[in-house]
Amino acid sequence: MRFTVSSRVIAIILSLLVAAVLTALAWVAPTLSLREGVLAAGITVAACFLLLYLMFEALIFREINNIYEGLEHIKRKELRRMSNKFLFRPEPLKRMRDEILDMAQRKQQEIDELKRLQVLRREFLADVSHELKTPIFAAQGFVHTILDDDDTDEFTRKKFLQKAAASLDALDLLVQDLVTISQLEKGVVRMRRQPFDIARLVLDIFEQLELKASRRRVTLELAPVPGNSAWVVADRNRIRQVLINLIDNAIKYGRENGHVTVALAESGKALRISVQDDGEGIPKQHQSRIFERFYRIDKSRTRESREAGGSGLGLAISKHIVEAHKSTIRVRSEVGQGTTLEFKLPRPRAAAVAPATDAT
(Lines give C-alpha, C1' and ligand atoms only; values in the text may rest on other atoms or scores of the structure.)
Protein backbone atom coordinates (compact mmCIF):
# COMPACT_ATOMS: atom_id res chain seq x y z
CA MET A 1 0.00 0.00 0.00
CA ARG A 2 1.36 3.37 -1.05
CA PHE A 3 1.51 6.07 1.67
CA THR A 4 0.95 9.60 0.38
CA VAL A 5 1.32 12.90 2.18
CA SER A 6 -0.36 16.08 0.98
CA SER A 7 1.61 19.20 0.13
CA ARG A 8 0.02 20.99 3.08
CA VAL A 9 1.23 18.34 5.56
CA ILE A 10 4.73 18.54 4.11
CA ALA A 11 4.71 22.33 4.50
CA ILE A 12 3.53 22.02 8.13
CA ILE A 13 6.24 19.47 8.96
CA LEU A 14 8.82 21.73 7.31
CA SER A 15 7.65 24.73 9.35
CA LEU A 16 7.71 22.77 12.63
CA LEU A 17 11.23 21.46 12.01
CA VAL A 18 12.61 24.90 11.17
CA ALA A 19 10.81 26.39 14.18
CA ALA A 20 12.25 23.66 16.42
CA VAL A 21 15.78 24.35 15.23
CA LEU A 22 15.42 28.11 15.69
CA THR A 23 13.78 27.67 19.14
CA ALA A 24 16.61 25.40 20.24
CA LEU A 25 19.14 27.99 19.13
CA ALA A 26 17.31 30.78 20.94
CA TRP A 27 17.11 28.61 24.08
CA VAL A 28 20.77 27.75 24.35
CA ALA A 29 22.27 30.89 22.84
CA PRO A 30 22.39 32.97 26.09
CA THR A 31 24.45 30.28 27.83
CA LEU A 32 27.08 30.01 25.10
CA SER A 33 30.28 31.94 24.66
CA LEU A 34 30.85 34.03 21.54
CA ARG A 35 32.77 31.31 19.76
CA GLU A 36 30.22 28.67 20.73
CA GLY A 37 27.39 31.02 19.67
CA VAL A 38 28.93 31.54 16.22
CA LEU A 39 29.41 27.79 15.83
CA ALA A 40 25.84 27.10 16.96
CA ALA A 41 24.53 29.72 14.51
CA GLY A 42 26.51 28.10 11.69
CA ILE A 43 25.16 24.67 12.58
CA THR A 44 21.64 26.09 12.74
CA VAL A 45 21.96 27.72 9.30
CA ALA A 46 23.30 24.47 7.82
CA ALA A 47 20.53 22.43 9.46
CA CYS A 48 17.82 24.83 8.25
CA PHE A 49 19.32 24.84 4.72
CA LEU A 50 19.44 21.03 4.63
CA LEU A 51 15.87 20.75 5.90
CA LEU A 52 14.59 23.35 3.46
CA TYR A 53 16.48 21.82 0.54
CA LEU A 54 15.37 18.23 1.22
CA MET A 55 11.77 19.12 1.97
CA PHE A 56 11.60 21.52 -0.99
CA GLU A 57 12.97 18.82 -3.29
CA ALA A 58 10.53 16.28 -1.86
CA LEU A 59 7.62 18.67 -2.30
CA ILE A 60 8.51 19.74 -5.84
CA PHE A 61 9.29 16.25 -7.09
CA ARG A 62 6.13 14.88 -5.56
CA GLU A 63 4.03 17.45 -7.42
CA ILE A 64 5.99 16.81 -10.62
CA ASN A 65 5.28 13.12 -10.17
CA ASN A 66 1.56 13.88 -10.01
CA ILE A 67 1.80 15.99 -13.16
CA TYR A 68 3.64 13.29 -15.07
CA GLU A 69 1.22 10.60 -13.99
CA GLY A 70 -1.59 12.71 -15.43
CA LEU A 71 0.04 12.93 -18.86
CA GLU A 72 -1.17 10.15 -21.13
CA HIS A 73 1.82 10.01 -23.44
CA ILE A 74 4.64 10.17 -20.86
CA LYS A 75 6.10 6.92 -19.62
CA ARG A 76 6.60 6.63 -15.89
CA LYS A 77 10.07 5.19 -16.32
CA GLU A 78 11.08 8.50 -17.95
CA LEU A 79 10.04 10.30 -14.76
CA ARG A 80 12.04 7.93 -12.58
CA ARG A 81 15.08 8.39 -14.80
CA MET A 82 14.64 12.13 -14.66
CA SER A 83 14.21 12.18 -10.86
CA ASN A 84 17.36 10.12 -10.37
CA LYS A 85 19.20 12.32 -12.81
CA PHE A 86 18.26 15.67 -11.29
CA LEU A 87 17.99 14.99 -7.55
CA PHE A 88 20.94 16.40 -5.59
CA ARG A 89 22.29 17.97 -8.80
CA PRO A 90 22.91 21.70 -9.34
CA GLU A 91 19.84 23.64 -10.53
CA PRO A 92 17.47 20.65 -10.56
CA LEU A 93 14.39 22.73 -11.32
CA LYS A 94 16.03 24.38 -14.33
CA ARG A 95 17.07 20.98 -15.65
CA MET A 96 13.59 19.62 -15.05
CA ARG A 97 12.06 22.61 -16.82
CA ASP A 98 14.30 22.03 -19.83
CA GLU A 99 13.34 18.37 -19.87
CA ILE A 100 9.62 19.15 -19.67
CA LEU A 101 9.90 21.75 -22.45
CA ASP A 102 11.82 19.28 -24.61
CA MET A 103 9.19 16.58 -24.10
CA ALA A 104 6.40 19.08 -24.73
CA GLN A 105 8.08 20.10 -27.98
CA ARG A 106 8.39 16.48 -29.08
CA LYS A 107 4.74 15.83 -28.28
CA GLN A 108 3.68 18.95 -30.15
CA GLN A 109 5.63 17.79 -33.19
CA GLU A 110 3.89 14.44 -32.99
CA ILE A 111 0.52 16.20 -32.74
CA ASP A 112 1.34 18.39 -35.75
CA GLU A 113 2.38 15.32 -37.75
CA LEU A 114 -0.82 13.51 -36.81
CA LYS A 115 -2.86 16.53 -37.89
CA ARG A 116 -0.99 16.64 -41.20
CA LEU A 117 -1.58 12.93 -41.78
CA GLN A 118 -5.24 13.39 -40.88
CA VAL A 119 -5.58 16.10 -43.53
CA LEU A 120 -3.82 13.90 -46.09
CA ARG A 121 -6.08 10.98 -45.18
CA ARG A 122 -9.20 13.09 -45.67
CA GLU A 123 -7.90 14.39 -48.99
CA PHE A 124 -6.99 10.86 -50.11
CA LEU A 125 -10.42 9.46 -49.20
CA ALA A 126 -12.13 12.33 -51.00
CA ASP A 127 -9.96 11.84 -54.09
CA VAL A 128 -10.44 8.05 -54.12
CA SER A 129 -14.21 8.35 -53.76
CA HIS A 130 -14.29 10.90 -56.58
CA GLU A 131 -12.04 8.84 -58.86
CA LEU A 132 -14.07 5.67 -58.21
CA LYS A 133 -17.41 7.42 -58.54
CA THR A 134 -16.77 8.77 -62.04
CA PRO A 135 -16.30 5.46 -63.95
CA ILE A 136 -18.93 3.70 -61.84
CA PHE A 137 -21.59 6.32 -62.55
CA ALA A 138 -20.63 6.39 -66.24
CA ALA A 139 -20.92 2.61 -66.64
CA GLN A 140 -24.10 2.59 -64.57
CA GLY A 141 -25.67 5.27 -66.75
CA PHE A 142 -24.92 3.47 -70.03
CA VAL A 143 -26.17 0.11 -68.75
CA HIS A 144 -29.39 1.52 -67.29
CA THR A 145 -30.06 3.44 -70.50
CA ILE A 146 -30.00 0.16 -72.42
CA LEU A 147 -32.11 -1.64 -69.83
CA ASP A 148 -34.72 1.12 -69.60
CA ASP A 149 -35.17 1.54 -73.35
CA ASP A 150 -36.46 -1.60 -75.07
CA ASP A 151 -36.48 0.13 -78.46
CA THR A 152 -32.73 0.75 -78.53
CA ASP A 153 -31.30 -0.38 -81.86
CA GLU A 154 -28.39 -2.78 -82.07
CA PHE A 155 -25.87 -0.12 -83.09
CA THR A 156 -26.72 2.17 -80.15
CA ARG A 157 -26.80 -0.76 -77.74
CA LYS A 158 -23.33 -1.85 -78.81
CA LYS A 159 -22.01 1.72 -78.61
CA PHE A 160 -23.30 2.16 -75.05
CA LEU A 161 -21.92 -1.21 -73.98
CA GLN A 162 -18.51 -0.24 -75.37
CA LYS A 163 -18.60 3.01 -73.38
CA ALA A 164 -19.63 1.10 -70.24
CA ALA A 165 -16.78 -1.36 -70.82
CA ALA A 166 -14.31 1.51 -71.23
CA SER A 167 -15.47 3.01 -67.92
CA LEU A 168 -15.09 -0.35 -66.19
CA ASP A 169 -11.61 -0.78 -67.71
CA ALA A 170 -10.66 2.62 -66.26
CA LEU A 171 -12.04 1.51 -62.89
CA ASP A 172 -10.01 -1.70 -63.08
CA LEU A 173 -6.85 0.31 -63.87
CA LEU A 174 -7.46 2.56 -60.89
CA VAL A 175 -8.00 -0.38 -58.53
CA GLN A 176 -4.86 -2.10 -59.82
CA ASP A 177 -2.83 1.08 -59.26
CA LEU A 178 -4.22 1.43 -55.74
CA VAL A 179 -3.23 -2.15 -54.96
CA THR A 180 0.22 -1.58 -56.47
CA ILE A 181 0.94 1.58 -54.49
CA SER A 182 -0.33 -0.06 -51.29
CA GLN A 183 2.04 -2.99 -51.80
CA LEU A 184 4.95 -0.67 -52.61
CA GLU A 185 4.33 1.39 -49.47
CA LYS A 186 4.25 -1.76 -47.35
CA GLY A 187 7.48 -2.99 -48.95
CA VAL A 188 6.01 -6.36 -49.93
CA VAL A 189 6.97 -5.96 -53.60
CA ARG A 190 10.42 -7.34 -54.26
CA MET A 191 12.52 -5.84 -57.02
CA ARG A 192 14.02 -8.45 -59.35
CA ARG A 193 17.27 -6.74 -60.26
CA GLN A 194 19.10 -7.87 -63.36
CA PRO A 195 21.28 -6.22 -66.04
CA PHE A 196 19.40 -4.89 -69.07
CA ASP A 197 19.83 -2.32 -71.82
CA ILE A 198 17.76 0.70 -70.83
CA ALA A 199 18.33 2.42 -74.18
CA ARG A 200 16.59 -0.48 -75.88
CA LEU A 201 13.80 -0.26 -73.33
CA VAL A 202 13.30 3.47 -74.00
CA LEU A 203 13.04 2.85 -77.75
CA ASP A 204 10.43 0.12 -77.13
CA ILE A 205 8.41 2.58 -75.01
CA PHE A 206 8.67 5.18 -77.78
CA GLU A 207 7.06 2.69 -80.16
CA GLN A 208 4.32 1.99 -77.62
CA LEU A 209 3.54 5.69 -77.11
CA GLU A 210 4.08 6.75 -80.72
CA LEU A 211 0.36 7.05 -81.51
CA LYS A 212 -0.33 9.18 -78.42
CA ALA A 213 2.63 11.43 -79.27
CA SER A 214 1.50 11.82 -82.89
CA ARG A 215 -1.93 13.02 -81.77
CA ARG A 216 -0.26 16.00 -80.09
CA ARG A 217 2.46 16.18 -82.79
CA VAL A 218 5.15 15.60 -80.19
CA THR A 219 8.57 14.31 -81.26
CA LEU A 220 10.16 11.64 -79.05
CA GLU A 221 13.95 11.71 -78.86
CA LEU A 222 16.63 9.62 -77.16
CA ALA A 223 19.61 11.91 -76.65
CA PRO A 224 22.39 11.45 -76.90
CA VAL A 225 21.85 8.35 -78.99
CA PRO A 226 24.31 5.94 -77.34
CA GLY A 227 26.87 4.35 -79.60
CA ASN A 228 27.01 1.40 -77.23
CA SER A 229 24.34 -0.17 -75.09
CA ALA A 230 23.39 1.63 -71.86
CA TRP A 231 23.19 -1.12 -69.27
CA VAL A 232 21.81 -0.81 -65.77
CA VAL A 233 20.96 -3.20 -62.92
CA ALA A 234 17.30 -2.92 -61.92
CA ASP A 235 13.88 -4.54 -62.16
CA ARG A 236 13.20 -4.16 -65.88
CA ASN A 237 9.41 -4.39 -65.67
CA ARG A 238 9.19 -1.88 -62.82
CA ILE A 239 11.56 0.59 -64.50
CA ARG A 240 9.51 0.17 -67.67
CA GLN A 241 6.47 1.22 -65.63
CA VAL A 242 8.34 4.28 -64.34
CA LEU A 243 9.49 5.37 -67.80
CA ILE A 244 6.02 4.89 -69.30
CA ASN A 245 4.55 7.11 -66.58
CA LEU A 246 7.20 9.82 -66.99
CA ILE A 247 7.18 9.85 -70.80
CA ASP A 248 3.38 9.69 -70.94
CA ASN A 249 3.13 12.68 -68.57
CA ALA A 250 5.70 14.57 -70.67
CA ILE A 251 3.61 13.96 -73.80
CA LYS A 252 0.38 14.88 -72.04
CA TYR A 253 1.56 18.09 -70.38
CA GLY A 254 4.26 19.14 -72.82
CA ARG A 255 3.77 21.65 -75.61
CA GLU A 256 1.96 20.61 -78.77
CA ASN A 257 4.36 20.35 -81.72
CA GLY A 258 7.06 20.06 -79.07
CA HIS A 259 9.74 17.57 -78.05
CA VAL A 260 10.07 14.99 -75.30
CA THR A 261 13.68 14.00 -74.72
CA VAL A 262 14.98 11.05 -72.75
CA ALA A 263 18.66 11.53 -71.93
CA LEU A 264 21.06 8.87 -70.64
CA ALA A 265 24.28 10.07 -69.03
CA GLU A 266 26.99 8.47 -66.93
CA SER A 267 27.19 9.67 -63.35
CA GLY A 268 30.00 7.92 -61.52
CA LYS A 269 29.05 4.28 -61.04
CA ALA A 270 25.45 5.02 -61.99
CA LEU A 271 23.50 6.00 -65.09
CA ARG A 272 21.33 9.12 -64.90
CA ILE A 273 18.01 8.87 -66.74
CA SER A 274 16.14 12.12 -67.37
CA VAL A 275 12.83 12.81 -69.13
CA GLN A 276 12.45 16.39 -70.35
CA ASP A 277 9.49 18.20 -71.92
CA ASP A 278 9.10 21.75 -73.19
CA GLY A 279 5.73 22.47 -71.61
CA GLU A 280 4.54 25.17 -69.23
CA GLY A 281 6.72 24.01 -66.34
CA ILE A 282 5.80 23.45 -62.70
CA PRO A 283 5.66 26.33 -60.17
CA LYS A 284 7.96 25.98 -57.18
CA GLN A 285 5.13 25.58 -54.67
CA HIS A 286 3.88 22.46 -56.47
CA GLN A 287 7.17 20.68 -57.15
CA SER A 288 7.32 18.95 -53.75
CA ARG A 289 3.76 17.62 -54.09
CA ILE A 290 3.54 16.25 -57.63
CA PHE A 291 4.38 12.74 -56.36
CA GLU A 292 1.41 12.68 -53.97
CA ARG A 293 -1.49 10.42 -54.86
CA PHE A 294 -4.12 12.11 -57.05
CA TYR A 295 -2.37 15.47 -56.80
CA ARG A 296 -2.91 17.62 -59.87
CA ILE A 297 -1.42 21.06 -60.40
CA ASP A 298 -4.24 22.19 -62.67
CA LYS A 299 -7.56 20.89 -61.35
CA SER A 300 -9.19 21.71 -64.67
CA ARG A 301 -7.06 19.00 -66.27
CA THR A 302 -8.42 16.26 -64.04
CA ARG A 303 -11.14 15.23 -66.46
CA GLU A 304 -8.75 15.48 -69.42
CA SER A 305 -6.23 13.23 -67.65
CA ARG A 306 -8.92 10.71 -66.73
CA GLU A 307 -10.18 10.57 -70.30
CA ALA A 308 -6.61 10.00 -71.47
CA GLY A 309 -6.42 6.93 -69.27
CA GLY A 310 -4.57 8.33 -66.26
CA SER A 311 -5.44 7.22 -62.74
CA GLY A 312 -3.65 10.04 -60.93
CA LEU A 313 -1.27 7.55 -59.30
CA GLY A 314 1.44 7.26 -61.96
CA LEU A 315 3.99 9.59 -60.38
CA ALA A 316 3.31 8.28 -56.87
CA ILE A 317 3.93 4.71 -58.06
CA SER A 318 7.06 5.81 -59.94
CA LYS A 319 8.42 7.50 -56.81
CA HIS A 320 8.03 4.33 -54.74
CA ILE A 321 9.58 2.12 -57.44
CA VAL A 322 12.62 4.39 -57.79
CA GLU A 323 13.04 4.61 -54.01
CA ALA A 324 12.89 0.80 -53.85
CA HIS A 325 15.97 0.91 -56.11
CA LYS A 326 17.74 3.14 -53.53
CA SER A 327 17.37 6.22 -55.72
CA THR A 328 15.26 9.38 -55.87
CA ILE A 329 13.29 11.15 -58.58
CA ARG A 330 14.35 14.77 -58.77
CA VAL A 331 12.39 17.62 -60.33
CA ARG A 332 13.95 20.50 -62.26
CA SER A 333 11.45 22.95 -63.64
CA GLU A 334 10.92 26.63 -64.39
CA VAL A 335 7.62 28.18 -65.40
CA GLY A 336 7.58 28.54 -69.19
CA GLN A 337 10.75 26.48 -69.64
CA GLY A 338 9.53 22.90 -69.33
CA THR A 339 10.16 20.18 -66.77
CA THR A 340 12.83 17.55 -66.28
CA LEU A 341 12.37 14.48 -64.06
CA GLU A 342 15.46 12.40 -63.46
CA PHE A 343 16.73 9.48 -61.40
CA LYS A 344 19.77 7.25 -61.26
CA LEU A 345 20.28 3.51 -61.57
CA PRO A 346 23.46 1.55 -60.87
CA ARG A 347 25.48 0.23 -63.79
CA PRO A 348 26.57 -3.41 -63.82
CA ARG A 349 30.12 -4.61 -63.83
CA ALA A 350 31.50 -5.53 -67.25
CA ALA A 351 31.54 -9.22 -66.30
CA ALA A 352 27.81 -9.12 -65.58
CA VAL A 353 26.98 -7.55 -68.94
CA ALA A 354 29.01 -9.91 -71.10
CA PRO A 355 26.84 -13.06 -70.69
CA ALA A 356 23.65 -11.13 -71.42
CA THR A 357 25.21 -9.52 -74.49
CA ASP A 358 26.35 -12.88 -75.80
CA ALA A 359 22.89 -14.31 -75.16
CA THR A 360 21.26 -11.68 -77.35
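One can find the structure itself at the top, above this paragraph.
Cut-off values and rules
Residues numbered from 1 in each chain as written. Predicted model: local features only at pLDDT ≥ 70, side-chain atom pairs only at ≥ 80, totals over all residues. Heavy atoms only, no water. Helix = DSSP H or I, 4+ residues; strand = E, 2+ residues; numbered from the N terminus. Buried < 20%, exposed > 50% of the residue type's maximum accessible area, 1.4 Å probe, protein only. Contact = heavy atoms within 4.5 Å. Areas by Shrake-Rupley, 256 points an atom, 1.4 Å probe, with all protein chains shown as cover. Pairing = 2+ DSSP bridges. Axes fitted to C-alpha atoms, helices over the stretch in contact; angles between N-to-C directions. Expected span 1.5 Å × (residues − 1). Polar contact = N/O pair within 3.5 Å; in protein donor to acceptor, adjacent residues only side chain to side chain. Lys, Arg positive; Asp, Glu negative; His and termini not counted. Salt bridge = Lys/Arg side-chain N within 4 Å of Asp/Glu carboxyl O.

Enquirer: Looking at this structure, I do not really get the overall build of the chain. What am I missing?
Expert: When you go through the chain residue by residue, the secondary structure sums to twelve helices and seven strands. The 360 residues of the chain split such that 32% are buried. Here the contacts in the chain between residues at least 6 apart in sequence split such that 73% fall between residues at least 24 apart. Surface exposure of the chain reaches about 23,200 Å², of which carbon and sulfur atoms provide 57%.

Enquirer: Hey, could you run me through the sheet that holds strand β4 (residues 259-267) in this one?
Expert: Backbone hydrogen bonds are what pair the strands of a sheet, in a parallel or an antiparallel way. Taken in spatial order, the five strands make up an open sheet running β2-β4-β5-β7-β6, and their pairing is mixed. Here the strands that pair on one side only, and so sit at the sheet edges, are β2 (219-222) and β6 (330-333). Taken pair by pair, the neighbouring strands of this sheet meet at an average axis angle of 20 degrees, ignoring direction. By the bridge criterion, four bridges tie β6 to strand β7 (residues 339-346) in an arrangement that is antiparallel. From the neighbouring strand, R330 faces β7, where its bridge partner is E342. Here helix α8 (residues 236-253) sits on the sheet and contacts β2, β4, β5 (270-277) and β7; the angle it forms with β7, its principal contact strand, is near 165 degrees.

Enquirer: I keep staring at unusual backbone geometry and nothing clicks. Help me out?
Expert: Only a minority of non-glycine residues have a phi that is not negative, and only a minority of peptide bonds are not trans. Of note in this structure, N257 is not a glycine but carries a positive phi near 60 degrees. Inspection of the secondary structure puts N257 in the loop between α8 and β4. Backbone geometry at K326 places phi at a positive 60 degrees, although glycine is not the residue there. Checked against the element boundaries, K326 lands in the loop between α11 (314-324) and β6. Judged by its relative accessible area of 75%, K326 falls in the exposed class.

Enquirer: How should α8 be read in this particular structure?
Expert: For an α-helix, the turn length of 3.6 residues means that residues three or four places apart are oriented alike. Its 18 residues give α8 an end-to-end C-alpha distance of 26 Å, which sits within 8% of 26 Å, the value for a rise of 1.5 Å per residue. Buried within α8 are the following residues: I239, V242, L243, I244, N245, L246, I247, D248, N249, A250, I251 and K252. The opening residue of α8 is D235, an N-cap whose side-chain oxygen sits 3.2 Å from the backbone nitrogen of N237.

Enquirer: For this particular structure, what's the right way to read the side chain of D277?
Expert: Structurally, D277 can be placed in strand β5. Buried and without a salt bridge, D277 has R255 as its closest oppositely charged side chain, separated by 8.6 Å. A polar atom in the side chain of D277 sits 2.9 Å from the backbone nitrogen of G279. Discounting chain neighbours no more than four positions away, the residues touching D277 are A250, G254, H259, V260, G338 and T339.

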